[in-house]
Amino acid sequence: MFDLSKIKKDFPFYKNNEDLVYLDSAATSLKTESVIDAVNEYYTEYTANIHRGDYDNSFIASKLYDETRNVVSELIGNDNPKQIIFTSGATASINTVAYCYALNNLKKGDVILLTYLEHASNILPWFNVAKKTGAVIEYIPLNDDGTFNLDNYKKCLESGKVKIVTLPYVSNVLGYINPIKDICHLAHEYKALVHVDGAQGVPHLSVNVKELDCDFLSFSSHKMLGPSGVGVLYGKYELLDKMEPLFMGGGANARFNKEGEIILKETPEKYEAGTPNIEGILGFKKACEYLIEVGMGNIYKHDQELLQYAKDRLKTLDNITIYNPNSECSIIAFNVKGIFAQDVGSYLNSLNIAVRTGNHCAKILHNVIGVNETVRASFYLYNGKEDVDALYDALKDITLEKCIGAIL
Ligand SMILES: Cc1ncc(COP(=O)(O)O)c(C=O)c1O
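The rules behind the values
- Residues numbered from 1 in each chain as written.
- Predicted model: local features only at pLDDT ≥ 70, side-chain atom pairs only at ≥ 80, totals over all residues.
- Heavy atoms only, no water.
- Axes fitted to C-alpha atoms, helices over the stretch in contact; angles between N-to-C directions.
- Helix = DSSP H or I, 4+ residues; strand = E, 2+ residues; numbered from the N terminus.
- Parallel < 35°, antiparallel > 145°, perpendicular 65-115°, else oblique.
- Left-handed = near helix turned anticlockwise from the far one by under 90°.
- Contact = heavy atoms within 4.5 Å.
- Nonpolar A, V, L, I, M, F, W, Y, C, P; charged D, E, K, R; others polar.
- Near = heavy atom within 4 Å.
- Polar contact = N/O pair within 3.5 Å; in protein donor to acceptor, adjacent residues only side chain to side chain.
- Areas by Shrake-Rupley, 256 points an atom, 1.4 Å probe, with all protein chains shown as cover.
- Pairing = 2+ DSSP bridges.

A closer look at the packing of helix α13 (residues 341-350) against helix α15 (residues 385-396)
- In contact at an axis separation of 11 Å, α13 and α15 are set at 120 degrees when each is read in the N-to-C sense. By the angle between their directions, the pair α13 and α15 is classed as oblique. Our pair here, α13 against α15, has a crossing hand that is right-handed. Along its contact with α13, which presents V344, Y347 and L348, the element α15 presents L391, A394 and L395.
- Split into classes, the residues belonging to the contact of α13 with α15 amount to 6 nonpolar, no polar and no charged.

With respect to the site of the ligand
- Around the ligand, the structure places G89, A90, T91, H119, S121, N172, D197, A199, Q200, S220, H222 and K223.
- The contact in question runs from an oxygen atom of the ligand to an N or O atom on the backbone of A90, over 3.4 Å.
- The contact in question runs from an oxygen atom of the ligand to an N or O atom on the side chain of K223, over 2.6 Å.
- In isolation the ligand has 400 Å² of accessible area, and contact with the protein removes 87% of it.
- Its residues placed into classes, the shell around the ligand shows 2 nonpolar, 8 polar and 2 charged.

Considerations on the sheet that holds strand β14 (residues 356-358)
- Reading across the sheet, the 4 strands line up as β11-β12-β15-β14 and stay open at both edges, with antiparallel pairing between neighbours. With one partner strand each, in any of the chains shown, β11 (320-322) and β14 form the two edges of the open sheet. The sheet shows a mean angle of 30 degrees between the axes of neighbouring strands, taken without regard to direction.
- With 3 bridges joining them, β14 and strand β15 (residues 374-378) adopt antiparallel strand pairing. In the sheet register, R356 faces β15, and the bridge partner there is R376.
- Sheet contacts for helix α12 (residues 296-314): β11 and β12 (331-336); angle to β12, the most-contacted strand, approximately 15 degrees.

Next comes the structure, spelled out in structure tokens:
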């Protein structure tokens, strides 16, 4: 059973920020006590490098590190833990696909298919790949409200030139859930691969990579209760195995000699050169265990109820423009008429409400919603209706004068 009062107690942050209304989980999530303890325990009880020590503490840390691949696999319905690569975050995972797969497999005239929804991390690496290979970037025309249009997508694929489709599971500004299963199915009919930017989707949805049949999936630990500096790249084994890693170094090679002959370890180790973020990965293990225990289905249900409540309340305010009235996942993007988003953010901050304002790294999304800057309120499993009420109350009688007063 999902019990919010119990859930909140699992987040020590609230002990130190009793009155803070935290509505910025799309930027980063709060951490459970178990996650923080796991990081601490590594430092206080068994600090050691992994896979490099012939002593107990190294065995303990290595075992926990290796087990994390199994727990992540359980969370995303992956049946082969070798398909899980640890990175420093979704950005690093996406860059791995771009530079280790696309750069070596795309050629002049091939098409990389994206949307206007992309976060900078899922567009800048692709611009670079296009520049270096001569491939072309094309955008799938979305519906007017920013939702996905499968017919338009199919038309893009019909050229036969699309080699990779790379798009978000959930938009980090509009909260729309893209139909990834259908997207993958269609792409594969046209012999294109699909990379899913799961930074906003994996924290909120019951993900099953086998059912989705995506080729790659990138996501970040810090958006799903885990520490920062840890990410995952899931990839189909046959693809990962053929690809060359970007980084070479200790831990990723089996042998090398002075002539420069290198024998790399197998996937996934060949992608994890250098000492990884061990404590972060051990913390991430706890985060995944926590999500599994609460149940992604329960989290989704809670998210949906809260989102509906927020939509119902905010849409009664005449001074607000909501850009995603049909948001499907934990995010509301809006503006207060006549007041800059940043000024609204400062005013909310003065009332102890934390939101994000600006373009949210989605710098071409204005092509869809018509504005560059919005206020984004984003929810997660520890938020309750009282948080939405606080936001509603603040917005109900917000004025430009009050905002200026909060800044001065
Ligand atoms: C949709 C999306 N993709 C990628 C990223 C990048 O994630 P990270 O900064 O953890 O690498 C984010 C972060 O906000 C995001 O929202």
